[in-house]
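Observations on the model geometry
Listed below, chain by chain, are the residues.
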Amino acid sequence: MKGRSIFMEILTPLSILGVLSIAAVAFVSARISKDYYMEEKKNILMAVASSLSSAAETKEGEDLKAFVSRVSPECARENSVRISVIAKDGEVLFDSDKNAEEMSNHANREEIRKAFEGGTPSFSTRFSKTLRKEMLYLAYPMKKDGEARAVIRASLPVKVLDEKANSLYVAIFAAFICVALINFTLSLYFSYRISSPLKEFSKGIAKFAKGEFGERFDKTGVREIDDLAEILNTTAMNMDRYLREIHDSNSKMNAMLANMREAVIAMDPGERLMSMNDFAVSLFKVNPAWNGKKFYEVIRHPEMQKFCADLIEDGRSIERDIGMYENEQMHLQAKGTILKDADGSKIGYLIVVNDYTRLKKLEMMRSEFVANVSHEIRTPLTVILASVETMLEEKMNDSKKIEKFLRRIAKHAERLNSLVEDILSLSKIEQNSDKRGVARNLESVTEIVLRAAETCRFSADEKGIELKTEVQSGLSASVNPGLIEQALINLIDNAIKYSEKGSPVKVSALMKDGDLILSVKDKGLGIAEDQISRIFERFYRVDKSRSRELGGTGLGLAIVKHIVQAHGGRIEVLSKIGQGSEFIVLIPQNQAQKQKRNQEIPPK
């Protein structure tokens, strides 16, 4: 079915909308004007009654009836209102339009009753039995000593108000007709003007010719343009869909390449770079203007250039491990292959480089850890086996010699036990902090410090070391009490072991700038500056022979470091040879600081 003409399609809604809008404005204006006029008349009635009441209050010596009979007629004529004065018993003392003596008792009149009962002015609109017409009444109480003694009633015929309103309606209707005619004329004018969008078709077609298919034409139900719009829209949609599919495919591929943790490099048959993801740009420190340049012009690394040359020369997929030094030794695995199109023709080369430096480091750390553990275990096991073999071969009967060898066995067995416990403890801390973090509660730091000091009290007394504690009053913090106590015990134990007899060891705790600060300070041997950075490594000892002699496993400070990191904190060391050392632990007490600390601390 054919649609309406474009002219009528535009003219009809504009005309209807204009008429309805003007009618709505006219109706609202009429209502507002009538209400305004009614309010104005009420104000006049109120002013007349109020002035008459005020005048009556100043004439205390004159009889009320005589006063109102003298003053009210003139007031009624001046303001074109009817004035009545009604006594409290309902008697009409005066009426400007009727003989008051002939009028009935007004006590039951609505406005009179409300004025006497409420003591405030009261309006009402009702039919007057005396004047036989609809009236607007105001009953205004005349008070003396706070009590209404009479009511002044001022009134106007409602017919007068209606006549005024009707005159206003006629004026508004005339204005409505004029504005409607103007609106219709303007609608005709704009209908012709709006038909100009037909010209936009030619502009849209010109854009299609340039490959810009985003333009769309809506169906309006107009027969002259619907068929043309449908053809143009269908053509534009098909072409736009094809372009979007190509664009989306490229976007997805770019997104995958950008998020890969491998370097991906694509070249054409002439070795010119076609594509390179962000990881490759970052890994090889490539200049942003790499597109279209030769491989060897952009990537200067000799081994990578050799790999690219071999790939092109061999004409088949190859794989190779490549070493590269950039601030530190890097271990790369490069894979190269030939790119072919659907017909099997060569269109270029693809190189994928995987950085497995971190895995290599972990492997080396594991090997080093196994070697260290094996070394640490070998010594006590050797001593134990040697002691047992000696006892068996010599068939000892001397109880003193037997006790000597048993003590030696017990000492090294205890060392093995300590080593195993430290390894298990370290492993548990690492697992908990990696998976979900350590459980933290608001705990008394004073109690934690005192428990740790008490645990180490016996070894301190044996060496005559004075173990002091100094904790800020009422100090509490969000920590894991067991782990913090273990860290303090390790630090205090080290301080005691490496201090001379009779020297002091001080343990302190306080809160400063949102950080819980724990400190263990001694006057012992001290640590050389070049060794401070390594003392938290597993099995690292400043003085290996002295450490083993004192029963250390080489894992104590590594455990402390992991406990502090699990709390999102950090540990600092201040030390000088011959003057002693101070280990300072800082644990943040809010989440933002914790995250900041975690960012500052590199992963182990």
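It should be emphasised that the depicted structure is a prediction, and the values quoted were computed from it without experimental measurement.

Attention shifts here to the sheet that holds strand β16 (residues 570-576). Pairing is mixed across the open sheet formed by 5 strands, whose spatial order is β12-β14-β15-β17-β16. Two strands lie at the open edges of the sheet, namely β12 (466-471) and β16, each paired on one side alone. Neighbour-to-neighbour, the strand axes of the sheet open up by a mean angle of 10°, direction not taken into account. Summarising the sheet, strand β14 (residues 504-512) and strand β15 (residues 515-522) pair through 8 bridges and their orientation is antiparallel. Following the sheet pairing, K512 is matched in β15 by D515. Of the strands in this sheet, β12, β14, β15 and β17 (580-588) are in contact with helix α14 (residues 481-497), which crosses β15 at around 20°.

This part is about a negative patch on the surface. A cluster of acidic side chains, namely D89, E91, E101 and E102, defines a negative patch on the protein surface. Tracing the sequence through the fold places E101 in the loop between β2 (92-95) and α3 (110-118).

Our next topic: α3. Considered for burial, the residues of α3 that qualify are E111, I112, A115 and F116. Axial view of α3: buried residues confined to an arc of 130°, hence all on one face. Residues of α3 that are buried in the fold lie against β1 (82-87), β3 (122-128), β4 (133-144) and β5 (147-157). Looking one or two residues beyond α3, the residue adopting positive phi is G119, at roughly 70°.

Glancing now at the packing of α14 against helix α17 (residues 556-566). Two elements in contact, α14 and α17, have axes separated by 9 Å at closest approach and are oriented at 145°. Judged by the twist between their axes, the crossing of α14 over α17 is left-handed. Residues L483, I484, Q486, A487, N490, L491 and N494 of α14 form the contact with α17, whose own contacting residues are G556, L557, I559, V560 and I563. For the contact of α14 with α17, the per-class residue count stands at 8 nonpolar, 4 polar and no charged.

Turning our eyes to something else, we now look at the confidence of the model for the protein chain. Should pLDDT be low for a region, the predicted coordinates there are not to be read in detail. For the protein chain, per-residue confidence averages 77 on the pLDDT scale, and residues scoring 70 or more make up 78% of the total. In this model residues 545-549 is a low-confidence stretch, pLDDT under 50, and it forms 10 contacts with partners more than four residues away in sequence or in other chains. Confidence over residues 592-604 falls short of pLDDT 50; this stretch has 23 contacts with residues more than four positions distant or in other chains.

Read across the sheet, 5 strands follow the order β2-β1-β5-β4-β3 without closing on themselves; strand pairing throughout is antiparallel. Unpaired on one side and paired on the other, β2 and β3 mark the two borders of the sheet. Across the sheet, the axes of successive neighbouring strands diverge by a mean angle of 25°, strand direction being ignored. Along the sheet, α3 makes contact with β1, β3, β4 and β5, crossing β5 at roughly 145°.

Taken together, the side chains of F27, V28 and I32 make up a nonpolar region of the molecular surface, amounting to roughly 310 Å² of accessible area. Relative to the elements of secondary structure, I32 occurs in helix α1 (residues 6-58).

We now examine the nonpolar core. Counting residues in hydrophobic clusters, the biggest one holds 42 residues, and the most contacted among them are L488 and F583. Sorting the residues of this core by element identifies α12 (445-455), β13 (476-479), α14, β14, β15, α17, β16 and β17 as the ones contributing at least two each. Of the residues forming this core, the biggest block, 8 residues, is contributed by α14. Judged by nonpolar contacts, the second largest core, of 28 residues, contains A280, L311, M324 and I351.

Glancing now at the pairing of β17. Of all 9 residues in β17, 9 are buried; the element is thus mostly enclosed. Here β17 shows a buried face lined by G580, E582, I584, L586 and P588 and a second buried face lined by S581, F583, V585 and I587. Bridge count for β15 against β17 is 7 bridges, and the pairing is antiparallel. Paired with S519 across the two strands is I584, which belongs to β17. Strand direction decides the pairing type here: β16 and β17, joined by 7 bridges, are antiparallel. In the sheet register, S575 faces β17, and the bridge partner there is S581. Between β16 and β17, which pair antiparallel in sequence order, lie 3 residues; one of them, G578, sits at a positive phi of approximately 80°.

On inspection of all chains with the given rule, the structure shows 12 salt bridges. Here R244 and D240 are joined by a salt bridge, their closest N and O atoms 3.0 Å apart. With R244 and D240 both in helix α6 (residues 223-259) and 4 residues apart, this pair spans about one turn of that helix. Take R244: its relative accessible area is 52%, and that puts it in the exposed class.

The rules behind each value
- Residues numbered from 1 in each chain as written.
- Predicted model: local features only at pLDDT ≥ 70, side-chain atom pairs only at ≥ 80, totals over all residues.
- Heavy atoms only, no water.
- Pairing = 2+ DSSP bridges.
- Helix = DSSP H or I, 4+ residues; strand = E, 2+ residues; numbered from the N terminus.
- Axes fitted to C-alpha atoms, helices over the stretch in contact; angles between N-to-C directions.
- Contact = heavy atoms within 4.5 Å.
- Patch = residues over 30% accessible without salt bridge, like charges linked within 9 Å, V, L, I, M, F, W, Y side chains within 5 Å.
- Areas by Shrake-Rupley, 256 points an atom, 1.4 Å probe, with all protein chains shown as cover.
- Salt bridge = Lys/Arg side-chain N within 4 Å of Asp/Glu carboxyl O.
- Lys, Arg positive; Asp, Glu negative; His and termini not counted.
- Charge placed at Lys NZ, Arg CZ, Asp CG, Glu CD.
- Buried < 20%, exposed > 50% of the residue type's maximum accessible area, 1.4 Å probe, protein only.
- Arc of directions from axis to C-beta.
- Left-handed = near helix turned anticlockwise from the far one by under 90°.
- Nonpolar A, V, L, I, M, F, W, Y, C, P; charged D, E, K, R; others polar.
- pLDDT = per-residue confidence, 0-100.
- Core = buried A, V, L, I, M, F, W, Y, C linked by side-chain atoms within 4.5 Å.

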